[in-house]
Amino acid sequence: MSLPALQNSAVFYRRIINRFPQDFSLAFAYGSAVFRQTGSSQGHMAKNMLDFVFAVDDPVTWHTMNLIENRKHYSFLRFLGPKQISSIQSDYGAGVYFNTLVPAEDRLIKYGVISTDALIDDLLHWKTLYVAGRLHKPVRILLQSENGNLRSALLGNLKSAVIASFLMLPESFSEEELYLQIAGLSYSGDFRMVFGEDKSKVSNIVKDNMQHFRQLYNRILQECPQVVYKPQQGRLEVDKSPEGQFTQLMALPRTLQQQITRLVDRPGKNRDVEEILLQVAQDPDCGSVVQQGISSIVKSSSITQSAKGIATAGLVKTVSYSTKKLQKMWRGWRRKPA
C-alpha cells in the first residue's frame, strides 16, 4: 500500500483521534488533505495540514482531560485553565476553539472543538455558518454518537443549503452549478477570500468531488417538492414563482431570515418576518437579497473567529499558519491560465 493511501485510511485517522479524550458527539476531517481538489496532486495532499472538528457535550471536562494529555497543543491560554478556555470557546467568534500546527502521525493537524449544543444551533439556525458551512461540503465522518437531535440537525443543514441555493440560481441549472452554489455559501462574505485563500477554492472543491456531493444531496433532491431533478441529464428545474420563492424563504434558517428582514425592512416599520419575506419573494432581486443576508452572517463570524484564532494559536503559529495559507493562494494564482 502506498503512503498516500495509508495516510487516508481509517486506521490512520483512528490513530490520530485516539490521541484525544474520546467524549465526542461528532468528529470529522475535512479540507484539501482529505478530499482531492483540482490542481492538487497526491503529493500535495500528503503535505497539506489535516483539519478536524470535534463536537463534545461538555467542553470544560473535555479541555480538562486534553490539557492533561496534550497540554503543548495550547497557546499561552493553557495557563488560564479549562474553564476559561471553554469560555473563550463559547463566548467569542463562532463558538469553536482551534489548536493548530499540531504534530501527529508524521503530519501537521489543526483541530477545532465546539460544544454539541452550539453545533446543533448553527446547523439549524445558521447563527454563524462556520461549522454548518463546512458540513455543506463532503467531510469524512470519523465518529458520531446516537444523538437524535444532532442527526436531525445535520440533515436539516443540508436541506437549508439546497433551499438557499435554489433562491440564488435561475429556473434551470446543472447539478454542478448547484454544488458550486452550495459550496460557496460559507465563503460568501468571508474576508479571507480577499486575502489568504485561493480564489478558485470553491471550483476546486467541486470539480473533483462531484460524486461525493451527489452522495450528500441526491436523496434530498429526489424528495424535494420544489424542484424537478433529472439525474440522468444532470439538470434541475426549480419553481421561481412568487409563491414558490415564498415557500423557500419561509424554510430558510432563522438567522438568515432575520438578516434578510434587516436588509429589507425600513427603520421604524417593524413588520413581521412573514410579511417581509412575502415582499422579497416578489422581488426580481430576491436571490441577491438572500446572498447579502448570507454574506452578512459569514463576514461577522469569519472576522471574529480569525481574531480569536490569534490568541488560541499564539503569535508564532499564527504567522506560520498565515504563511502557509498565502503560499496556497500563490499556487492557485500560478495555476490560472494566462
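Here, the structure is the one placed above.
Residues numbered from 1 in each chain as written. Predicted model: local features only at pLDDT ≥ 70, side-chain atom pairs only at ≥ 80, totals over all residues. Heavy atoms only, no water.

**As for the sheet that holds strand 7 (residues 227-230)**
Strand pairing in a sheet takes place through backbone hydrogen bonds and is either antiparallel or parallel in direction. Strand order across the open sheet formed by 3 strands is 6-8-7, with antiparallel pairing between neighbours. Each edge of the open sheet carries a strand with a single partner, namely strand 6 (172-174) and strand 7. The sheet shows a mean angle of 20 degrees between the axes of neighbouring strands, direction not considered. Relative to strand 8 (residues 235-238), strand 6 runs antiparallel, the two being bridged by 3 bridges. Of the residues in strand 8, the one forming a bridge with Phe173 is Leu236. (Pairing = 2+ DSSP bridges. Helix = DSSP H or I, 4+ residues; strand = E, 2+ residues; numbered from the N terminus. Axes fitted to C-alpha atoms, helices over the stretch in contact; angles between N-to-C directions.)

**What to know about the pairing of strand 3 (residues 96-104)**
Among the 9 residues that make up strand 3, 8 are buried, leaving the element largely enclosed by the rest of the structure. In this sheet, strand 4 (residues 107-115) lies alongside strand 3 in antiparallel orientation, the contact comprising 7 bridges. Bridged to Val102 within strand 4 is Ile109. Following strand 3, the chain reverses through 2 residues before pairing antiparallel with strand 4; Glu105 in that reversal takes a positive phi of roughly 50 degrees. (Buried < 20%, exposed > 50% of the residue type's maximum accessible area, 1.4 Å probe, protein only.)

**Topic: the packing of helix 8 (residues 148-168) against helix 11 (residues 210-223)**
Two quantities define a packed helix pair, namely the angle between the helix axes and the distance between the axes. At a minimum axis separation of 10 Å, helix 8 and helix 11 run at an interaxial angle of 70 degrees. Relative to helix 11, the element helix 8 is oriented roughly perpendicular. Contact residues: helix 8 offers Leu155, Leu158, Lys159, Ala161, Val162 and Phe166, while helix 11 offers Leu216, Tyr217, Ile220 and Leu221. Among the residues forming the contact of helix 8 with helix 11, the class breakdown is 9 nonpolar, no polar and 1 charged. (Parallel < 35°, antiparallel > 145°, perpendicular 65-115°, else oblique. Contact = heavy atoms within 4.5 Å. Nonpolar A, V, L, I, M, F, W, Y, C, P; charged D, E, K, R; others polar.)

**Some thoughts on the packing of aromatic side chains**
Scanning the model with the defined rule gives 17 aromatic pairs in all. Seen from their ring centres, Trp62 and Tyr111 are 6.4 Å apart, and the 70 degrees between their planes marks the pair as edge-to-face. Of this pair, Trp62 sits in helix 4 (residues 59-69) while Tyr111 sits in strand 4, and the two are 49 residues apart along the sequence. Exposure class is identical for Trp62 and Tyr111. Each is buried. For the ring pair Tyr179 and Phe213, a centre distance of 5.4 Å and an interplane angle of 25 degrees mean the geometry is stacked. Linking Tyr179 in helix 9 (residues 175-184) with Phe213 in helix 11, this pair joins segments that are 34 residues apart in sequence. Take Tyr179: its relative accessible area is 0%, and that puts it in the buried class. (Phe/Tyr/Trp six-rings, centres within 6.5 Å; stacked < 30°, edge-to-face > 60°.)

**Notes on a negative patch on the surface**
On the surface, a cluster of negative charge is contributed by Asp23, Asp57, Asp58 and Asp117. Structurally, Asp57 can be placed in the loop between strand 2 (50-56) and helix 4. (Patch = residues over 30% accessible without salt bridge, like charges linked within 9 Å, V, L, I, M, F, W, Y side chains within 5 Å. Areas by Shrake-Rupley, 256 points an atom, 1.4 Å probe, with all protein chains shown as cover. Salt bridge = Lys/Arg side-chain N within 4 Å of Asp/Glu carboxyl O. Lys, Arg positive; Asp, Glu negative; His and termini not counted. Charge placed at Lys NZ, Arg CZ, Asp CG, Glu CD.)

**Observations regarding helix 14 (residues 273-281)**
Taken together, the buried positions of helix 14 are Ile276, Leu277, Val280 and Ala281. Buried residues in helix 14, looked at end-on, bunch into an arc of 140 degrees, giving them a common side. Residues of helix 14 that are buried in the fold lie against helix 12 (242-250), helix 13 (254-264) and helix 15 (286-313). (Arc of directions from axis to C-beta.)

**With respect to the nonpolar core**
In this structure, Phe166, Tyr179, Tyr217, Leu249 and Ile294 are the most contacted members of the largest nonpolar core, which totals 66 residues. Those residues in contact with Phe166 that lie beyond four places of it in its chain are Phe173, Leu178, Leu221, Cys224, Gln226, Val227, Val238, Lys240 and Gln248. Formed by 28 residues, the second largest nonpolar core is a distinct cluster that contains Ile16, Ala29, Val34 and Leu142. (Core = buried A, V, L, I, M, F, W, Y, C linked by side-chain atoms within 4.5 Å.)

**Observations concerning the pairing of strand 4**
Extensive coverage of strand 4 is indicated by the burial of 8 of its 9 residues. In terms of strand pairing, strand 2 meets strand 4 through 7 bridges, oriented parallel. Residue pairing across strands places Asp51 opposite Lys110, the latter belonging to strand 4.

**Focus on unusual backbone geometry**
A positive phi is found at Asp106, a non-glycine position, where the angle reads about 65 degrees. Take Asp106: it is sitting in the loop between strand 3 and strand 4. Residue Leu129 is not a glycine yet carries a positive backbone phi of 60 degrees. By the element assignment, Leu129 lies in the loop between helix 6 (116-125) and helix 7 (131-134). Among the residues examined, Leu129 registers a relative accessible area of 2% and is labelled buried.

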